[in-house]
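Residue-level structural notes
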Amino acid sequence: MTAVLTTEAASGSAAGERQFDNRTANSVLLAAILALAAIRLGLASYLGLVDDEAYYRIWSLGSSLSYLDHPPMVAWIIGAGRAIAGDTTLGVRLLGPLIGAAGALVLWRTAYLLYGADIARRAVWIMLAMPLLAVGGIIVTPDLPSVLCAGLGIWALAELNHSQNARWWLAVGLFAGLGLLSKYTNLFLGGTILVWLLATPENRKWLRAPELWIGGIIAAAVASPVVIWNAEHGWASFTKQFGRVAQNGSAGPTYLLEFIGVFFALASPVIAVLAIAGLVRITRSALASRGRKENDLLLAAAILPMLVYFAAHALHDRVQGNWPAPLYPSLAICAAIALQDVSQTWRRTTFLAALGTGFVMTAAIYAHAIHPLAMTAKDPTEQMRGWPALADAIEAKRRETNAGWVATSSYATTGQLFMGLRGRSEVAQLDQRIRYEFLSPLDASLLEKPALYVELERRVDLPLMQSKFRKVEPLGTLIRANGSSGGATYVLYLLSDPPAPPL
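Presented here is a report on the structure given in the accompanying data block. (Residues numbered from 1 in each chain as written. Predicted model: local features only at pLDDT ≥ 70, side-chain atom pairs only at ≥ 80, totals over all residues. Heavy atoms only, no water.)

The subject of this paragraph is the packing of helix 8 (residues 143–163) against helix 9 (residues 168–180). Each pair of packed helices can be described by the angle between their axes along with the distance between the axes. Closest axis-to-axis distance for the helix 8/helix 9 pair is 8 Å, and the angle between their directions is 170°. Looking at the two axes, helix 8 sits roughly antiparallel to helix 9. Contacts from C149, L152, G153, W155, A156, L157, E159, L160 and S163 in helix 8 reach W168, W169, A171, V172, F175, L178 and G179 in helix 9. (Axes fitted to C-alpha atoms, helices over the stretch in contact; angles between N-to-C directions. Helix = DSSP H or I, 4+ residues; strand = E, 2+ residues; numbered from the N terminus. Parallel < 35°, antiparallel > 145°, perpendicular 65-115°, else oblique. Contact = heavy atoms within 4.5 Å.)

On inspection of all chains with the given rule, the structure shows 24 aromatic pairs. Note on F263 and F264: the rings are 6.2 Å apart at their centroids and 85° apart in plane angle, and the pair reads as edge-to-face. Looking at F263, the relative accessible area reads 13%, which means it is buried. With relative accessibility at 26%, the residue F264 sits in the partly exposed group. Through pairs of rings, three or more aromatic residues link up here, namely Y55, Y56, W59, Y67, Y411, Y436 and F438. The ring of W206 carries the charged tip of K205 above its face, separated from the ring centre by 5.0 Å. (Phe/Tyr/Trp six-rings, centres within 6.5 Å; stacked < 30°, edge-to-face > 60°. Buried < 20%, exposed > 50% of the residue type's maximum accessible area, 1.4 Å probe, protein only. Lys NZ or Arg CZ within 6 Å of the ring centre and 35° of its normal.)

Attention now goes to the packing of helix 5 (residues 95–115) against helix 6 (residues 117–129). Two elements in contact, helix 5 and helix 6, have axes whose closest approach is 7 Å; the angle formed by their N-to-C orientations is 150°. Relative to helix 6, helix 5 is oriented roughly antiparallel. Classified by chirality, the crossing of helix 6 by helix 5 is right-handed. For the pair formed by helix 5 and helix 6, the contact residues are G103, A104, L107, W108, A111, Y112 and Y115 on the first element and A117, I119, A120, R121, A123, V124, M127 and L128 on the second. Its residues assigned to classes, the contact of helix 5 with helix 6 comprises 13 nonpolar, one polar and one charged. (Left-handed = near helix turned anticlockwise from the far one by under 90°. Nonpolar A, V, L, I, M, F, W, Y, C, P; charged D, E, K, R; others polar.)

Before going further, it helps to spend a moment on the sheet that holds strand 1 (residues 405–408). Sheet architecture is open: five strands sit in the order 2-1-3-5-4, paired in mixed fashion. The sheet is open, and its two edges are formed by strand 2 (427–429) and strand 4 (471–480), each paired on a single side. Taken over all neighbouring pairs, the strand axes of this sheet differ in orientation by 30° on average, direction set aside. Sheet strands touched by helix 20 (residues 411–421): strand 1, strand 2, strand 3 (451–456) and strand 5 (488–496). Its angle to strand 2, the strand with the most contacts, is close to 175°. (Pairing = 2+ DSSP bridges.)

Functional significance is not addressed by these values, which are geometric in nature.
Here it is, written out as structure tokens:
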């Protein structure tokens, strides 16, 4: 009896120690999530906007069911941030780091339901170290809510799989609809659901559940603003985005190799290797006729439809590095799973190497954005620099020439000048007016005055100006200090005497 009691006491003590260790590990992870969110908020307030962010800020200035380039979620996020923190870079980006932190918590719960606490913690650490998501946690683009909503959809499916409670289909529908309000890439959640439903007889039972179909109705209702906008605008956004699916010829392996290489860079090399190894493992399990694990099947279904599409797309056209971003949290789980196959001797070292490589690469990106040591012609961080001074110079030139408004011919320059001038001058892009149809039209009295045309040297569109105005006078150039030795050159023209309303 004494021996039994002693054994039970030792067992209870060991269990208590494990529980204490779990609480400590979770607390450290939560502290890291909050610390990284704070760092990203600081960077968000310090760094200037990239071109896309400045353009999406314009969306938040008016009301529209959707937009030419993307659904409206990013405009709502920026609008909410500006309402809280003002019309500043921090206001534009305020919700970005907070959404990133929420995504980490969602991933923890998903991985915990599928594989337990140890893999859940490792997956979140790995996600935090991925450079793409680290940068995406600061820069507010449609990828930010897209990644979160994709993660929420997989989490709801994991809860459904774990609890077998059909009401989770309603949450799946809600998150699918919100995803479609974020980015069209989130349509792949439908592929995930379809693959998972049809894979096994046990899952096919849900086809008879009314909650599944109600969830579909919820998804359609939530996403309906995008459909309504497209119907009212000749399906312009659908045509623009889904037109990329069409083949542009065969590129052979070039873009596919680029796609793989970009993944190794944006996930970081060690994490990428682990993620691929983990994906191979769960895919084998999902395809096995015997011994299939339901959690592996769900995770494979969350990744493979989108991954297979982008691999096929890369055979004929470039896949932009940010497009597969919704896959990265699920691939972080794969990387954590692969660590289980590493021997105990090397597991901790491999894990630390994965985190170390990812965090060092992220820190280098952050440092370069703050103070670049070297610049290339296509360095995306150059977009963040020099706009306040350039906007001041443009405003002075407008007053000097008695121009009534500022004209551009690219969404990038339009967005940045909207932010830089902030109401001191009206700004309008001469072409692609569908991008801005939600804004109030410029006052007729302004349009009667000359326009000061400003555009990046390589984007100057002289035929466009000549088609809109009879008189086109060159005014010289201005330089935006972007961190490079020569800066970015902007060409100025004074436009007047339009044969018809120029907008």
